[in-house]
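Listed below, chain by chain, are the residues.
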Amino acid sequence: MNYVSTRNKSKVFKFKDVFLKGLADDGGLFVPEVEFKFNDEQLNSLKGSDYNQLAKEIISPFVDDFINDHDLTKIIEKSYSSFRKNNVIDLIKVEDRFILELFHGPTLAFKDVAMQLLGNFYEYYLEKNNEKINIVVATSGDTGAAAIEAIKGKKNLNIFVLHPHNRISSVQRKIMTTVKDNNVFNIAINGNFDDCQNLVKSMFEDRNFSKSINMSGVNSINWARIIAQSVYYFYSYFLIQDKTKPINFSVPTGNFGDVYAGYLAKKMGLPINKLVVATNQNDILHRAISEGKYVSEKVSETLSPSMDIQIASNFERLIYDLNNKDDKLTSSIMKSIKTDGLYIIDETTLKKINSDFLSASLNENEVLKTISNVYTKNNLILDPHTAIGFAAFEKVKLDGNNIVLATAHPSKFPDAINKAIKMNAELPKELQYVLSEKENYDIIENNLESIKKHITERVK
Ligand SMILES: *Cc1c(COP(=O)(O)O)cnc(C)c1O
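Here the structure is a predicted model, which is why all the values come from computation and not from measurement.

Further remarks concern helix 7 (residues 170–177). Judged by how many residues are buried, helix 7 sits mostly within the fold: seven of eight residues are covered. Every buried residue of helix 7 is listed here: Val171, Gln172, Arg173, Lys174, Ile175, Met176 and Thr177. Where helix 7 is buried, its residues meet helix 6 (142–151), strand 7 (157–164), strand 8 (184–190) and helix 18 (414–421).

Structure below.
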């Protein structure tokens, strides 16, 4: 399979480059040159597979030259052995909906599903090629933890994680900062998540710097993450017995990553009806999908910090698709988003979007109410992100089998849960040690040169 940048189709790349670079040199995102689709017979043959088998079948066509099927199978098994569920995820019925629990990995959020795999891909590649890499990543709380857990202690790799100081939950921070391995570096930035993301972007764009440290990224635009995430759409779809009704997914999202993975699954042939983009009050994606107005506003802090974002990086992949894979047009749209902070979507394009995507946004009160209602009715605690996905189905009113992606374990967000139901959600016993362990991180100003200096001094 060949890949191109959404901003320049004339140059082709292989999975190795797509995976290691993350972002194309022209600032675009990598996408397959030609879309991949299973035929009906192939799709049928995937039903009934266990999670690991299914993952291999879905991931294999995208990584052909990078790893053979035998090694891929081994890597998938290794990656998912760290999960507390045999088949990685769980699907439970709650009221009239299904909840797809994706948080049974080592850091209690869905990001482990992709990141465990990426960590092992790095190890596999670096060992074979005798290279060293420094990973630099911005986090709104969960990516960093998942990445650290996937990379810690691995040879030939260091990881630097930038998180917004005092803007992630204490449990989110502790899961990252209590890790002791000496290839892990936590940095708290005096700024918000978008500041952290912009710092990382600038470091990548500084070719001298990024080359000098052999920098690589694992943020949610990394294509390898997207493919790994599309697997659970297939897996949960196949678990639903009643196929007489359409199957819809509601996805709590900020960066448009997880929901794009669902869209990719649909493009691969999985007959998903609608994908519901569920946002908190940082609702740029909701305004884009419901009114055609992709307009950046100021980020506000919410109870669901992993979605406190006003730049939905992965949206560029959809823009590219909607504009018939026109790289020049995508490039100019992205330029105007950067300079003017907006993209107005015309009616025809919006119709196209709405054939796949609907959206809803929840304010803080609605989030708290949802957590408390669901708890009272079902004795089940939803984390604030999942609560947004859950309630989104009440706003968009779709008939069918409605599946909510549960993206994090409630114990990761103790303040939100306490506010909603005056209770604590207990951490799984495997993670309770983080509460009392010593933390280790540096606080640095929101300044590119300071960060670069800090990282350079620590690269071994
Ligand atoms: C990262 C994250 C999200 C949003 O993921 P996107 O990549 O923006 O789709 C939602 N919920 C939780 C708990 C997360 O950690």
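Residues of helix 18 that are buried include every one of Pro414, Ala416, Ile417, Ala420 and Ile421, and no others. Seen along its axis, helix 18 keeps its buried residues to an arc of 160°; they face one direction. For helix 18, exposure combined with an orientation more than 90 degrees from the buried face picks out Asp415 and Lys419. Next to the buried residues of helix 18 lie helix 7, helix 16 (364–378) and helix 17 (384–396).

Opposite charge on two side chains permits pairing when their charged atoms draw close. According to the stated counting rule, one finds 32 salt bridges in the structure shown. Between Lys56 and Glu57 there is a salt bridge; the shortest N-O distance is 3.3 Å. The exposure class assigned to Lys56 is buried, which follows from its relative accessible area of 17%. One salt bridge connects Glu439 with Arg173, and the closest N-O pair in it is separated by 2.7 Å. Residue Glu439 is located in the loop between helix 18 and strand 16 (442–445), and its partner Arg173 is located in helix 7; the two are separated by 266 residues in the primary sequence. It is possible to trace a salt-bridge network through shared partners that takes in Glu95, Asp96, Arg97, Lys377 and Glu394.

A few words now on the nonpolar core. Membership of the largest hydrophobic core comes to 114 residues, with the highest contact counts inside it found for Tyr233, Phe234 and Phe256. Top element by residues in this core is helix 10 (residues 223–239). It accounts for 12 residues. Setting aside residues up to four positions removed in sequence, Phe256 forms contacts with Val277, Leu285, Ile289, Ala312, Asn314, Phe315, Leu318 and Phe357. Judged by nonpolar contacts, the second largest core, of 34 residues, contains Phe390, Ala392, Ala406 and Ala416.

Rules behind the numbers
- Residues numbered from 1 in each chain as written.
- Predicted model: local features only at pLDDT ≥ 70, side-chain atom pairs only at ≥ 80, totals over all residues.
- Heavy atoms only, no water.
- Buried < 20%, exposed > 50% of the residue type's maximum accessible area, 1.4 Å probe, protein only.
- Helix = DSSP H or I, 4+ residues; strand = E, 2+ residues; numbered from the N terminus.
- Contact = heavy atoms within 4.5 Å.
- Arc of directions from axis to C-beta.
- Salt bridge = Lys/Arg side-chain N within 4 Å of Asp/Glu carboxyl O.
- Core = buried A, V, L, I, M, F, W, Y, C linked by side-chain atoms within 4.5 Å.

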